[in-house]
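Each chain, written out:
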Amino acid sequence: VLENNTDAVVFGCDTVVAIGNEILGKPENDEDAKRMLKMLSGRVHTVSTGVCVADESKNEVFANTTAVEFFELSDETIESYVATGECSDKAGAYGIQGYGSVLVKKIRGDYFSVMGLPVSETARVLRKFGIEGKVRL
């Protein structure tokens, strides 16, 4: 993107969910989503979002990690959540900002990072590139 827009500031990000030594990406299908949700049930996992902001002369990269604890999930809860279709394009097979919010017992860290973009930290990095919003940081 930057090669075709040399006068722009661009940023990209991606999010992964990890439990133990296993990284959970987006589920391949409903059965994979159910498997992931069963792994997360009643446990603490981490959600890490990496961000890169770049212009033609510099770039800045950072990651933000949040600990998320799930309630114990019954098979019925998992089935009904997967049936919403919400989990199909989400790392770890859930979206904290949607129906998946009822699965989460608590978080330690940045809610927005779990959603996929650590907004506050990204805004502070964008400021270094001359981009500011209405709220001056």
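Rules of the game
Residues numbered from 1 in each chain as written. Predicted model: local features only at pLDDT ≥ 70, side-chain atom pairs only at ≥ 80, totals over all residues. Heavy atoms only, no water. Helix = DSSP H or I, 4+ residues; strand = E, 2+ residues; numbered from the N terminus. Contact = heavy atoms within 4.5 Å. Phe/Tyr/Trp six-rings, centres within 6.5 Å; stacked < 30°, edge-to-face > 60°. Buried < 20%, exposed > 50% of the residue type's maximum accessible area, 1.4 Å probe, protein only. Pairing = 2+ DSSP bridges. Axes fitted to C-alpha atoms, helices over the stretch in contact; angles between N-to-C directions. Disulfide = S-S within 2.5 Å. Patch = residues over 30% accessible without salt bridge, like charges linked within 9 Å, V, L, I, M, F, W, Y side chains within 5 Å. Areas by Shrake-Rupley, 256 points an atom, 1.4 Å probe, with all protein chains shown as cover. Salt bridge = Lys/Arg side-chain N within 4 Å of Asp/Glu carboxyl O. Core = buried A, V, L, I, M, F, W, Y, C linked by side-chain atoms within 4.5 Å.

(A) Representation of the environment of Ala-93. Inspection of the secondary structure assignment puts Ala-93 in the loop between helix H2 (75-83) and strand S5 (104-108). Considering only alpha carbons, one finds Ala-93 and Asn-29, 64 residues apart in sequence, at a separation of 9.7 Å. The residues touching Ala-93, leaving out its near neighbours within four places in the chain, are Gly-25, Pro-27, Ala-33, Met-36, Leu-37, Tyr-81 and Cys-87.

(B) Spatial organisation of the packing of aromatic side chains. Under the defined criterion, the tally for this structure stands at two aromatic pairs. On the basis of an interplanar angle of 70 degrees and a centroid distance of 4.8 Å, the ring pair of Phe-70 and Tyr-94 is categorised as edge-to-face. One end of the pair, Phe-70, is in strand S4 (residues 59-70); the other, Tyr-94, is in the loop between H2 and S5, with 24 residues separating them in the sequence. Tyr-94 carries the same exposure label as Phe-70, and that label is buried.

(C) Just the sheet that holds strand S2 (residues 22-24), in detail. As summarised here, the arrangement of the five strands in space is S2-S1-S3-S4-S5, forming an open sheet in which the pairing is antiparallel. Single-partner strands in this sheet number two, and they are S2 and S5. When strand polarity is set aside, the average angle formed by the axes of neighbouring strands in this sheet is 30 degrees. Examined bridge by bridge, strand S1 (residues 10-19) and strand S3 (residues 44-54) share nine bridges and lie antiparallel to one another.

(D) Layout of the state of the cysteines. A full pass over the atoms with the stated rule returns zero disulfides. Cys-52 supplies the cysteine sulfur nearest to Cys-13, a cysteine that is in no disulfide, at a spacing of 10 Å. On the accessibility criterion, Cys-52 (30% relative accessible area) is partly exposed.

(E) Seen up close, the side chain of Thr-15. Mapped onto the fold, Thr-15 is located in strand S1. A residue is classified by how much of its surface remains accessible, and Thr-15, at 17% relative accessible area, is buried. Other than its neighbours up to four places away in sequence, Thr-15 contacts Val-47, Ser-48, Thr-49, Ala-91, Ser-113 and Gly-116.

(F) How the structure looks around a nonpolar patch on the surface. There is a patch of nonpolar side chains on the surface, built from Tyr-111, Phe-112, Met-115 and Val-119 and spanning about 330 Å² of accessible area. Considering every element that reaches the nonpolar patch, the biggest residue donor is helix H3 (residues 111-115), with three residues. The topology assignment puts Tyr-111 in helix H3.

(G) Geometry of the nonpolar core. In this structure, Leu-24, Leu-37, Leu-40, Val-68, Phe-70, Tyr-94 and Leu-103 are the most contacted members of the largest nonpolar core, which totals 23 residues. Here this core takes five residues from helix H1 (residues 30-40), the largest share from any one element. Those residues in contact with Tyr-94 that lie beyond four places of it in its chain are Leu-37, Leu-40, His-45, Val-47, Val-68, Phe-70, Tyr-81, Cys-87, Leu-103, Val-104 and Val-114. In terms of nonpolar packing, the next biggest core, distinct from the first, is built from six residues, Val-51, Val-53, Leu-126 and Phe-129 among them.

(H) Quick peek at the pattern of salt bridges. Using the criterion set out here, one finds 11 salt bridges in the structure. For the salt bridge of Glu-132 with Arg-136, the shortest nitrogen-to-oxygen distance reads 3.6 Å. You can call Glu-132 partly exposed: its relative accessible area is 37%. Assessed through its relative accessible area of 64%, Arg-136 is described here as exposed. Among the charged side chains, a salt-bridge network with shared partners connects Glu-22, Asp-32 and Arg-35.

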